[in-house]
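# Observations on chain architecture
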Amino acid sequence: MEFYLKALLKTNTDPAPARDAVAAILADAEKTILTKGAPEGEGAKIRSWELDEKAIIVEITSGRYVRAHDAVMRIKKPLAEKLGKDYRIGIRGIEAEKFTIRIEADHDLKNKNIPYVRSVDYADGMLTLDLEMGEAEMRNQVPDRILNLLEDKLKQGDYGAKAEHWNLLWESEDREFKYGEDPTEEMLKRGWLRRAAGRGQWVHGPQTTKLFRTFEQIVVDEIIRPLGINEMIFPKMVMWDVWKHSGHAKGVYPEIYYVCAPKTRDPDYWEDVIDYYKVTHEVPTALIKDKITEPIGGMCYAQCPPSWTYFEGRTIATESLPIKIFDRSGTSHRYESGGIHGIERVDEFHRMEIVWMGTPDQVVEFADKLHERYMHIFNEILDLKWRKAWVTPWFMAQEGLVGLSAEQRVGTTDYEAPLPYRGPDGEWLEFQNLSINGDKYPNGFNVKSQSGEPLWSGCSGVGLERWTATFLSQYGLDMENWPEEFRKRFGEMPETIRFL
């Protein structure tokens, strides 16, 4: 890793009278402040310097330690003190005339559009970044964040084209399916549901709604009550600060529905919009976009993060651990980038979210119990053909957070089921997951334990659309074909609403 910086320390007057003082300070800096914190021989180097009429021009090179942008900040202070006191020469700021970072890489970047980077070139196993930034960016460690981003991109490329790796853990016995139709199409024909006005959005009739409520009650009876999980209500409009702390702000942008507030509630301010609609019966979105704020956040994308504002900055009493909570208070919204289809890939969906927090041992122990309860439901009540897989997201793998030991099981388990209408070798649908997130959320939201032990957390989302799609794909819409235990819990089928 190599840094090169040609920096201009801009002065309020000609620095020539202080030439000898500048030379002495820079010579001393290479032996002292530019080596502090670095192994021997690994400090920053001043390759050259010269004076201009309104600047001290310094060329600095460095490796990983005392990086060039840090080095120029270190030499600014003694220069400013000496020149100001003895020569009445002030340093007004720092400008990076040329700033490059070179790093070893065995492949080029797919996407080279990086903030504050003019260009990215790849040659002879090296990536060269040409940066454009001022003193504020260097002081705020923007070059280091760019380097972290670059290393993430390289590691993601090394890990593979897919965002995650998949390893089978368990699979139920094979079986013959007697139903092979697309359940969404048949539900439409029978009037169980109807497409709503929005993209990937449905109005669910009495039949699918009762299916949702039956699945929900099964979760309450078989998981929530036996495992002592308390109900809470999590916000469904999520502010940027929440996603910053949770880490979602690093990449959630292509998939969220954004929320903007009106600039004012003054009716006079909105009169032209109101009048336009009254005259044309069309909503003037071009006018509206100038009357709303920039996005203040987005609709709920993942239910877990906003719950953490309840715990943020607090210390949890030992007697309260492990904390076990769940939410079922509203919809989640996700712009489905892979394309919408039926009720299994939608932009608006209904979900129960289970969240737990405690010591690492408590979190793993609860996850094991939750796995057992899911297996009971899917085998004994729904009688599904399904499998369970350990999923390693690339960003967890690169940080060494997964599969290190039985006690350190950070990662995600996906539950998948075949959709018979897709064919014998067709699609398996992820209809359930369970994640142990390690200390990601407690650290992100500054949550501590009374004992000082590390806090971990986990989460598991029960997607009612996914459960319904999976169950009906394997058993169809006719109740007589459903497993007996599920029929008992479902009860009578609601009558279909009929239209003339």
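As a reminder, the structure under discussion sits directly above these lines.
Please read these numbers as outputs of a predicted model, since none were measured by experiment.

This paragraph deals with empty space enclosed by the protein. Empty space left among the atoms is revealed by rolling a probe the size of a water molecule over them. Here the structure, examined in full by the defined rule, presents 1 cavity of 30 Å³ or more. By volume, the largest cavity is sized at about 40 Å³. Taken together, His 371, Trp 390, Arg 409, Gly 411, Thr 413, Leu 434, Ser 435 and Ile 436 form the lining of the largest cavity. Mapped by element, the contributors of at least two residues to the lining of the largest cavity are strand S19 (411–418) and strand S20 (428–438). Examining the composition of the lining of the largest cavity, we find that 3 residues originate from one element, S20, more than from any other. Taken together, the residues of the lining of the largest cavity break down into 3 nonpolar, 4 polar and 1 charged.

Bringing the nonpolar core into the picture now. Generally speaking, soluble globular proteins have nonpolar side chains that are buried together. Core analysis: the largest hydrophobic core is formed by 56 residues, its most contacted members being Ile 223, Ile 354, Tyr 374, Phe 378, Leu 382 and Trp 467. Sorting the residues of this core by element identifies helix H6 (206–224), strand S17 (348–358), helix H11 (360–381), S19, S20, strand S22 (456–463), helix H14 (464–475) and helix H15 (484–490) as the ones contributing at least two each. Among the elements that line this core, the one with the most residues is H11, at 9 residues. When neighbours within four sequence positions are excluded, Ile 223 is seen to be in contact with Ile 218, Ile 229, Ile 354, Leu 370, Arg 373, Tyr 374 and Ile 377. Membership of the second largest hydrophobic core comes to 47 residues, among which are Leu 26, Met 73, Ile 91 and Leu 109.

Turning next to the packing of H6 against H14. Contact pair H6 / H14: the axes reach a minimum separation of 10 Å and the direction vectors enclose 105°. In this view, H6 runs roughly perpendicular relative to H14, as classed from their interaxial angle. In contact with Leu 211, Phe 212, Phe 215, Glu 216 and Val 219 of H6, H14 contributes Leu 464, Glu 465, Trp 467, Thr 468, Phe 471 and Leu 472. In terms of residue class, the contact of H6 with H14 is made up of 8 nonpolar, 1 polar and 2 charged.

The next point concerns the sheet that holds strand S12 (residues 258–259). If you walk across this open sheet you meet the 3 strands as S11-S13-S12, and the pairing is antiparallel. Edge positions in the sheet fall to strand S11 (237–239) and S12, since each of these pairs with one other strand and no more. Here S11 pairs with strand S13 (residues 297–299) via 3 bridges, running antiparallel. Each bridged residue has a counterpart across the sheet, and for Met 239 the counterpart in S13 is Gly 297.

Before going further, it helps to spend a moment on the pairing of strand S3 (residues 55–62). Side-chain positions along a regular strand alternate between the two faces of the sheet. Most of S3 sits out of view: 7 of its 8 residues are buried. Pairing geometry for strand S1 (residues 2–11) and S3, over 8 bridges, is antiparallel. Across the sheet, residue Phe 3 finds its bridge partner in S3, namely Ser 62. Between strand S2 (residues 45–52) and S3, which pair antiparallel and follow one another directly, the connecting turn spans 2 residues.

Attention now goes to the packing of H6 against H11. Relative orientation of the contacting elements H6 and H11 amounts to 135°, with a least axis distance of 10 Å. Considered as vectors, H6 and H11 are oriented oblique to each other. For the element pair H6 and H11, the recorded crossing hand is right-handed. Between H6 and H11, the contacting residues are Ile 218, Glu 222 and Ile 223 on the first element and Leu 370, Arg 373, Tyr 374, His 376, Ile 377 and Ile 381 on the second. Residue classes in the contact of H6 with H11 are distributed as 6 nonpolar, 1 polar and 2 charged.

The next subject is a negative patch on the surface. A cluster of like negative charges, contributed by Asp 14, Glu 50, Asp 52 and Glu 53, occupies part of the molecular surface. Relative to the helices and strands, Asp 14 resides in the loop between S1 and helix H1 (19–31).

Cut-offs used in this document
- Residues numbered from 1 in each chain as written.
- Predicted model: local features only at pLDDT ≥ 70, side-chain atom pairs only at ≥ 80, totals over all residues.
- Heavy atoms only, no water.
- 1 Å grid on protein atoms, 1.4 Å probe; cavity = no way out; pocket = protein on both sides within 12 Å on 5 of 7 lines; lining within 4 Å.
- Points joined across faces, edges and corners; volume = space filled by probe spheres on them.
- Helix = DSSP H or I, 4+ residues; strand = E, 2+ residues; numbered from the N terminus.
- Nonpolar A, V, L, I, M, F, W, Y, C, P; charged D, E, K, R; others polar.
- Core = buried A, V, L, I, M, F, W, Y, C linked by side-chain atoms within 4.5 Å.
- Buried < 20%, exposed > 50% of the residue type's maximum accessible area, 1.4 Å probe, protein only.
- Contact = heavy atoms within 4.5 Å.
- Axes fitted to C-alpha atoms, helices over the stretch in contact; angles between N-to-C directions.
- Parallel < 35°, antiparallel > 145°, perpendicular 65-115°, else oblique.
- Pairing = 2+ DSSP bridges.
- Left-handed = near helix turned anticlockwise from the far one by under 90°.
- Patch = residues over 30% accessible without salt bridge, like charges linked within 9 Å, V, L, I, M, F, W, Y side chains within 5 Å.
- Areas by Shrake-Rupley, 256 points an atom, 1.4 Å probe, with all protein chains shown as cover.
- Salt bridge = Lys/Arg side-chain N within 4 Å of Asp/Glu carboxyl O.
- Lys, Arg positive; Asp, Glu negative; His and termini not counted.
- Charge placed at Lys NZ, Arg CZ, Asp CG, Glu CD.

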